[in-house]
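Single-letter residue listing:
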Amino acid sequence: MAERTVGPHEFWLQTCGLNTHRRGTSYARLDTPWNAFTADGGKLVCTIWVDEIVEVHDPELGHARRFVKMGGRSRRWKGVGMQHGQYARANLDKAVAEKLPIFGFEAEPNKAALERGERSVKHFYLDRTHQLQGRIGLSLYELEKKLHIEDAFRKRGIADEEDPNLPASLFELVGTTIEPPAAGDYQIEDAREEHEVDLPLEGNQSADVYARKALPILVAHVLQQQDGVMAPITYRRLAELLGRRNRHGDPWARGLGFVLGRVTELIDGVRSRLTEPPPFLTSIVVLSSGPNVGLPDKGVSGVWPGYETMSREEKRAKLAAEFQRILAYRSRWNEVLRLAGLPVIEPPVGSNGIPVPGGWGGGESEAHLALKLYVRDHPELVGARADWDAWVEYALRSADELEVMFLSDRVWIGVEVKSRTSDRNLADYERGIYQVVKYRSILEAQALVDFPDAQPEIRVVLLLERELPAVYRALAAHLRVTVIDGIVPTNAQIECDA
């Protein structure tokens, strides 16, 4: 007989440090966490319901293959179900972007509850563990052509509930090549949820001492960013950089809310001596698990009144705007350090002793520059021609800049470029979609002013070095944004123009 727990509560607590009972008595009783990261943040654990798995016979291999869809949105979700789905999608995106292993544990639903329109756990099987392999792009196309997987989901009635505006991603249940997570891997007393970072600080050093260590760490992190992409830093990573570890040697984030509060006080203490007030630096520290994964902890409410009442999308937008302000402050962060009596951050130096270009809170990476130049020299990628005028960093009258612009008498084509550095913060792809919408409107306005009788055709596209994350495909389609992805500059081009 398959091994099973009495309930999922102990499994999630011991494996992921996730106390489902503390999230509400109905959370563990009526469903189980859809997914959560292990306590060390290195693996994503997913619940896969046995009635949502489809088996498809592969004639070439001579056996059945099993698939599940995750990360989409169901038409039936309401209220807390919508929130759970958003959190689960964010965790999946993070795991895929960071190439973390994803595991699924089978759960059998209670049939009586299903008939009432509820989904609760009858059995949670510890010995039905699978590694989940995502299927996208060409891999997905070839599989679908050969196995007709979508038909299998339709026959089970699973596809009927899916919202086409936010489709799920396909995963195959495969054998484990990495040791799967297991209950008991971590000590419960040390596997605390990150939202406990506002608990009193423990250890031999005070919050003030840690704050004076943390401020230069955060400034150095900002000054290393490139291409206007802010990669946030997690509480666990900050704990590691501060040398805060538990008795097992793992990074320990407990009490870092107090430390970050002291960091903000340090900055506020020099604010009056700065020519321009600095933005909210500690907002770059975010949770790596739980319902607010990818967002700062609740302590930011002291600086951003009303933050707790915002929707997740509003919080993400607020954070993205603040990230841009933090990057725009650039080397002025060193003035903050100097006035606080802390050592400034020196720019990285190459083997020739000359400071390395890029970085410093938004400098351009070689990858981004290479991609822009490659697009400029290959107009056919976006439907332009070689005899058109081609510009890099084309200035708009709104004081914005289009990264690449092609101009002819009848057609203007603008290109917003995102290199592989956007993988550090997937929200930058979403920002790119909205940038295209913005630039399209600005160009249409300029064309109307300059050519009132016969405006040129306006096109603006989003061109990516990587593939657009699945979670943003529906948004791009809804906003009529053309996306060209998977464009990798040749080595010859990089060597020629870098």
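Residues numbered from 1 in each chain as written. Predicted model: local features only at pLDDT ≥ 70, side-chain atom pairs only at ≥ 80, totals over all residues. Heavy atoms only, no water.

Focus on the side chain of Arg-312
Part 1: Relative to the assigned elements, Arg-312 resides in helix 10 (residues 312–328).
Part 2: As a buried residue without a salt bridge, Arg-312 has its nearest oppositely charged side chain in Glu-313, at a separation of 5.4 Å.
Part 3: From its side chain, Arg-312 meets the backbone oxygen of Val-293 in a polar contact 2.7 Å long. (Helix = DSSP H or I, 4+ residues; strand = E, 2+ residues; numbered from the N terminus. Buried < 20%, exposed > 50% of the residue type's maximum accessible area, 1.4 Å probe, protein only. Lys, Arg positive; Asp, Glu negative; His and termini not counted. Salt bridge = Lys/Arg side-chain N within 4 Å of Asp/Glu carboxyl O. Polar contact = N/O pair within 3.5 Å; in protein donor to acceptor, adjacent residues only side chain to side chain.)

Describing the side chain of Gln-435
Part 1: Tracing the sequence through the fold places Gln-435 in helix 13 (residues 427–450).
Part 2: Separated by 3.2 Å, the side chains of Gln-435 and Lys-418 make a polar contact.

So, the sheet that holds strand 12 (residues 411–418)
Part 1: Reading across from one edge, 10-11-12-13-14 is the order of the 5 strands in this open sheet, with mixed pairing throughout. Bordering the open sheet on either side are strand 10 (389–395) and strand 14 (482–484), each of which pairs with just one other strand. Averaged over all neighbouring strand pairs, the angle between strand axes comes to 30°, with direction disregarded.
Part 2: Bridge analysis of strand 13 (residues 457–464) against strand 14 gives 3 bridges, and the strand direction is parallel. Counted as the bridge partner of Leu-463 is Ile-484 from strand 14.
Part 3: In this fold helix 12 (residues 366–377) packs onto strand 10, strand 11 (401–407), strand 12 and strand 13, with an angle of close to 15° to the strand it touches most, strand 11.
Part 4: Each of strand 11, strand 12 and strand 13 is contacted by helix 13, which is oriented at about 160° to strand 13, the strand it contacts most. (Pairing = 2+ DSSP bridges. Axes fitted to C-alpha atoms, helices over the stretch in contact; angles between N-to-C directions. Contact = heavy atoms within 4.5 Å.)

Topic: the pattern of salt bridges
Part 1: Inspection of every chain in the model, using the stated rule, returns 35 salt bridges.
Part 2: The salt bridge partner of Lys-146 is Asp-58, with a shortest N-O separation of 3.4 Å. Here the residue Lys-146 occupies a position in helix 5 (residues 137–147), and Asp-58 occupies one in strand 3 (residues 54–58), the gap between them amounting to 88 residues.
Part 3: A relative accessible area of 32% places Lys-146 in the partly exposed class.
Part 4: Of the charged contacts in the structure, one is a salt bridge between Arg-332 and Glu-276, with a shortest N-O distance of 2.3 Å. Of the two residues, Arg-332 is situated in helix 11 (residues 332–339) and Glu-276 in the loop between helix 9 (256–270) and strand 9 (285–286); the sequence distance between them amounts to 56 residues.
Part 5: Glu-276 gets classed as partly exposed once you look at its relative accessible area, which sits at 37%.
Part 6: Several salt bridges converge on common partners, so that one network encompasses Asp-58, Glu-60, Arg-65, Lys-146 and Glu-172.

With respect to the pairing of strand 11
Part 1: Counting buried residues in strand 11 gives 6 out of 7 residues, a clear majority hidden from the surface.
Part 2: Hairpin connection between strand 10 and strand 11: a loop of 5 residues separates the two successive antiparallel strands, and Ala-399 in this loop has a positive phi of roughly 75°.
Part 3: Sheet analysis places strand 11 next to strand 12, joined by 4 bridges and oriented antiparallel. Note on strand 12: the bridge partner recorded for Phe-406 is Ile-413.
Part 4: Taking the residues that link successive antiparallel strands as the turn, the strand 11-strand 12 hairpin has 3 residues.

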